[in-house]
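Reading the structure
For reference, the chains in residue letters:
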Amino acid sequence: GKIKPFETEKENMSVAIDARKRMHGANMNVESPLAGYTLGRIFLDGKITEEQRQAGDEYAEIIARYHRLVGIPFPSPRAQSLFSIKGHDGEVTESMADRARKATNKMMEMHRVLLSCVDGPQVRSTIHNVTVMDLEHLRGMPDQQMLLLRRGLSALNKHKGIAKSA
């Protein structure tokens, strides 16, 4: 809701922190911004490395940019207002089309990297469900699925390193 003038930021933060403690357990660093999304909580649990988390965050950003520039709604209903979904207005400038093309190419490149992993379709699906869809139940995924997550995040991180050096 709307912040009332008599409420302080500290009071509002305490409500959010208490809710995170109830949902995710008191042993987690709930004050960290990383505790606000599934991939961050998996990192705080010590199941992935910092580099893998950053690669997952970058993947989610690339997918979000693609959806925004192409004009289609973001796939996760938790990340949007369902009543304000719309495409672009039909008047597409050349620069807008170029940005949308670049975002599409980048998204397709990330999918290619994930699909080229061993068990590629499962890797891509796991990465997408954790980073983009932010499905909370995947925080407790079995070891085999966690292996797929780590494999995909490592491939994205390695690809990022290669792309920066090129």
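To keep things clear, this report deals only with the structure shown in the data block.

Parameters and conventions
Residues numbered from 1 in each chain as written. Predicted model: local features only at pLDDT ≥ 70, side-chain atom pairs only at ≥ 80, totals over all residues. Heavy atoms only, no water. Helix = DSSP H or I, 4+ residues; strand = E, 2+ residues; numbered from the N terminus. Buried < 20%, exposed > 50% of the residue type's maximum accessible area, 1.4 Å probe, protein only. Contact = heavy atoms within 4.5 Å. Areas by Shrake-Rupley, 256 points an atom, 1.4 Å probe, with all protein chains shown as cover. Axes fitted to C-alpha atoms, helices over the stretch in contact; angles between N-to-C directions. Left-handed = near helix turned anticlockwise from the far one by under 90°. Nonpolar A, V, L, I, M, F, W, Y, C, P; charged D, E, K, R; others polar. Salt bridge = Lys/Arg side-chain N within 4 Å of Asp/Glu carboxyl O. Core = buried A, V, L, I, M, F, W, Y, C linked by side-chain atoms within 4.5 Å. Phe/Tyr/Trp six-rings, centres within 6.5 Å; stacked < 30°, edge-to-face > 60°. Lys NZ or Arg CZ within 6 Å of the ring centre and 35° of its normal. Expected span 1.5 Å × (residues − 1).

From N to C terminus, the chain includes six helices and zero strands. Mapped from its N terminus to its C terminus, the chain presents α and β elements in the order α-α-α-α-α-α. Counting the 166 residues in the chain, one finds 34% classified as buried. Relative to all contacts within the chain whose residues are 6 or more apart in sequence, the contacts with residues 24 or more apart total 58%. Surface exposure of the chain reaches about 10400 Å², of which carbon and sulfur atoms provide 56%.

The next thing to look at is the packing of helix H3 (residues 50-70) against helix H4 (residues 94-115). Look at H3 against H4: their axes get within 9 Å of each other, and the N-to-C directions meet at 145°. Relative to H4, H3 is oriented so that their crossing is left-handed. Seen from H3, the contacting residues are Tyr59, Ile62, Ile63, Arg65, Tyr66, Leu69 and Val70; seen from H4, they are Met96, Arg99, Ala100, Ala103, Thr104, Lys106, Met107, Met110, His111 and Leu114. A class-by-class count of the residues in the contact of H3 with H4 yields twelve nonpolar, two polar and three charged.

Time to look at the pattern of salt bridges. What the rule picks out here adds up to nine salt bridges. Salt-bridge contacts for Glu58 lead to Lys160; the nearest nitrogen and oxygen are separated by 3.8 Å. You can see Glu58 sitting in helix H3 and its partner Lys160 sitting in helix H6 (residues 143-165), a full 102 residues away along the chain. A relative accessible area of 29% means that Glu58 is categorised as partly exposed. A single network of salt bridges, built from pairs that share partners, joins Arg41, Asp45, Glu136 and Arg139.

The next point concerns the nonpolar core. Among the nonpolar cores identified, the biggest contains 29 residues, and Ile42, Tyr59, Ile127, Val130, Met141, Leu149 and Leu156 are the most heavily contacted of them. For this core, the elements supplying multiple residues, two or more each, are helix H2 (38-44), H3, H4, helix H5 (120-131) and H6. Not counting residues within four places of it along the chain, the set of residues in contact with Val130 comprises Thr38, Leu39, Ile42, Leu135, Leu138, Met141 and Leu149.

Examined against the element boundaries, Lys102 turns out to sit in helix H4. Classification of Lys102 as exposed rests on a relative accessible area of 62%. A sequence separation of 36 residues divides Lys102 from Tyr66, and the C-alpha atoms of the two residues are 8.6 Å apart.

Attention now moves to the environment of Gly40. One can find Gly40 in helix H2. Taking the C-alpha atoms as reference points, Gly40 and Gln54, separated by 14 residues in sequence, lie 9.5 Å from one another. Apart from residues lying up to four places away in sequence, Gly40 is in contact with Leu34 and Arg53.

Going through the model one piece at a time under the given rule, you end up with zero aromatic pairs. A cation sits over an aromatic face here: Arg53 above Phe43, 5.6 Å from the ring centre.

With 21 residues, H3 should reach 30 Å at 1.5 Å per residue; the first-to-last C-alpha distance of 30 Å fits that figure. Inspection of H3 places Gln52, Arg53, Ala55, Gly56, Tyr59, Ala60, Ile62, Ile63, Tyr66, His67 and Leu69 among the buried residues, and these make up the whole buried set. Just beyond H3, the residue with positive phi is Gly71, at close to 90°.

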